[in-house]
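Observations on chain architecture
One-letter residues, chain by chain:
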Amino acid sequence: MIVLPIKPEEAHPWILQKHYAKRIPQIMFAFGLYENNLLVGVCTYGIPASPNLCMGVCGEENKDKVIELNRLCIETKTKNAASFLVGRSLKMLPSESIVVSYADTAHNHVGYVYQATNFLFTGTTKERTDMFAGNGKHSRHAKDPSIRKHRSAKHRYVYFVGTKTDKKLLQKKLNYDVQPYPKGESKTY
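1. Quick look at the side chain of S97
Within the secondary structure, S97 is located in strand β5 (residues 97-104). Judged by its relative accessible area of 5%, S97 falls in the buried class. Polar side-chain contacts of S97 include one of 2.6 Å to the backbone oxygen of P94. Sequence-distant contacts of S97, defined by excluding residues within four places in its chain, comprise K65, I67, Y159, F160, V161 and L170.

2. Let's talk about the packing of aromatic side chains
Using the criterion set out here, one finds six aromatic pairs in the structure. With a centroid separation of 5.3 Å and an interplanar angle of 55 degrees, the aromatic rings of F121 and Y157 are classed as tilted. Taken together, the positions of F121 in strand β6 (residues 120-124) and Y157 in strand β9 (residues 154-161) put the pair 36 residues apart, joining distant regions of the chain. The exposure classification of F121 matches that of Y157, with both residues buried.

3. Some thoughts on the nonpolar core
Among the nonpolar cores identified, the biggest contains 22 residues, and Y45, L69, V86, L90, L93, V99 and F119 are the most heavily contacted of them. At the level of secondary structure, the elements contributing two or more residues to this core comprise β2 (29-35), β3 (38-46), β4 (66-74), α3 (81-91), β5, α4 (112-116) and β9. A per-element tally of this core places α3 first, with four residues. Counting 12 residues, the second largest nonpolar core, distinct from the first, contains I98, L120, V158 and L170.

4. Thoughts on the pattern of salt bridges
Under the counting rule described, the total for this entry stands at four salt bridges. For the salt bridge of K18 with E75, the shortest nitrogen-to-oxygen distance reads 3.1 Å. A residue pair is termed long-range when its members are at least 10 positions apart, and K18 in helix α1 (residues 8-18) and E75 in the loop between β4 and α3 qualify at 57 residues. What makes K18 partly exposed here is its relative accessible area of 38%.

5. Some points on a positive patch on the surface
A grouping of R88, K91, K164, K167, K168 and K172 is seen on the molecular surface, where their side chains present a positively charged patch. Contributing elements (two or more residues each) for the positive patch: α3 and α5 (164-173). If you tally residues by element for the positive patch, the top one is α5, at four residues.

6. A few points about the side chain of R71
Checked against the element boundaries, R71 lands in strand β4. For the buried R71, no salt bridge is present, and the opposite-charge side chain at shortest range is E68, 6.2 Å distant. There is a polar contact of 2.9 Å between the side chain of R71 and the backbone oxygen of R23. The residues touching R71, leaving out its near neighbours within four places in the chain, are I15, H19, A21, R23, P25, V42, C43 and T44.

7. A short note on helix α2 (residues 51-58)
Among the residues making up α2, those that are buried are L53, C54, V57 and C58. Considered in projection along α2, the buried side chains sweep an arc of 100 degrees and stay on one side of the axis. Facing away from the buried surface of α2 by more than 90 degrees, the exposed residues are P51 and N52. Following α2 by one or two positions, G59 has its phi on the positive side, about 90 degrees.

8. As for unusual backbone geometry
Of note, the phi angle at N80 is positive, near 65 degrees, even though the residue is not glycine. Positioned with a positive phi, E96 is a non-glycine residue whose angle comes to about 60 degrees. Relative to the helices and strands, E96 resides in the loop between α3 and β5. Given the relative accessible area of 33%, E96 is considered partly exposed.

9. Considering the environment of S83
Within the secondary structure, S83 sits in helix α3. Using a relative accessible area of 18% as the deciding quantity, one classes S83 as buried. S83 has contacts with V113, A116 and T117, leaving out every residue within four places of it along the chain. Polar side-chain contacts of S83 include one of 3.2 Å to the backbone oxygen of N80.

What counts and how
Residues numbered from 1 in each chain as written. Predicted model: local features only at pLDDT ≥ 70, side-chain atom pairs only at ≥ 80, totals over all residues. Heavy atoms only, no water. Helix = DSSP H or I, 4+ residues; strand = E, 2+ residues; numbered from the N terminus. Buried < 20%, exposed > 50% of the residue type's maximum accessible area, 1.4 Å probe, protein only. Polar contact = N/O pair within 3.5 Å; in protein donor to acceptor, adjacent residues only side chain to side chain. Contact = heavy atoms within 4.5 Å. Phe/Tyr/Trp six-rings, centres within 6.5 Å; stacked < 30°, edge-to-face > 60°. Core = buried A, V, L, I, M, F, W, Y, C linked by side-chain atoms within 4.5 Å. Salt bridge = Lys/Arg side-chain N within 4 Å of Asp/Glu carboxyl O. Patch = residues over 30% accessible without salt bridge, like charges linked within 9 Å, V, L, I, M, F, W, Y side chains within 5 Å. Areas by Shrake-Rupley, 256 points an atom, 1.4 Å probe, with all protein chains shown as cover. Lys, Arg positive; Asp, Glu negative; His and termini not counted. Charge placed at Lys NZ, Arg CZ, Asp CG, Glu CD. Arc of directions from axis to C-beta.

Next comes the structure, spelled out in structure tokens:
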């Protein structure tokens, strides 16, 4: 297996056809997992939809370093392929990046791929309701604030990219408490 940068457009069919969200997020970096020269997985990163999250992770002074691992799709039976893709792609991101990702509890995701790649677990978001935009669009595009949709709780993970010194300095600025990893039934998605 090998991980290579790909054009964001190459990830679009994977995201629309294979990922449960069926919605293309903002993509800054995209990576493909190749097995025998065949694309068998994609991982994408982009600016989080929430400016509050960007400021909240490590403070206002580090908000421009925050990116979100926003899609991960794998279609192979090879063991540990997802963590291999994520681990290799993290090494190709710009130095001094703060990566945030979520595991959706509504889909029985625990975040084992993030645990396997040494992300820090920083808690679980609260369930809430968002404005509903329809047609697979994000809630920030909603026109009618009275139409609401349930948002499930999500496990939040954070990873620091950079030198050992960069990582230590950024972790000292982390505004979330690092907690023990959650556990649950391991599933193939």
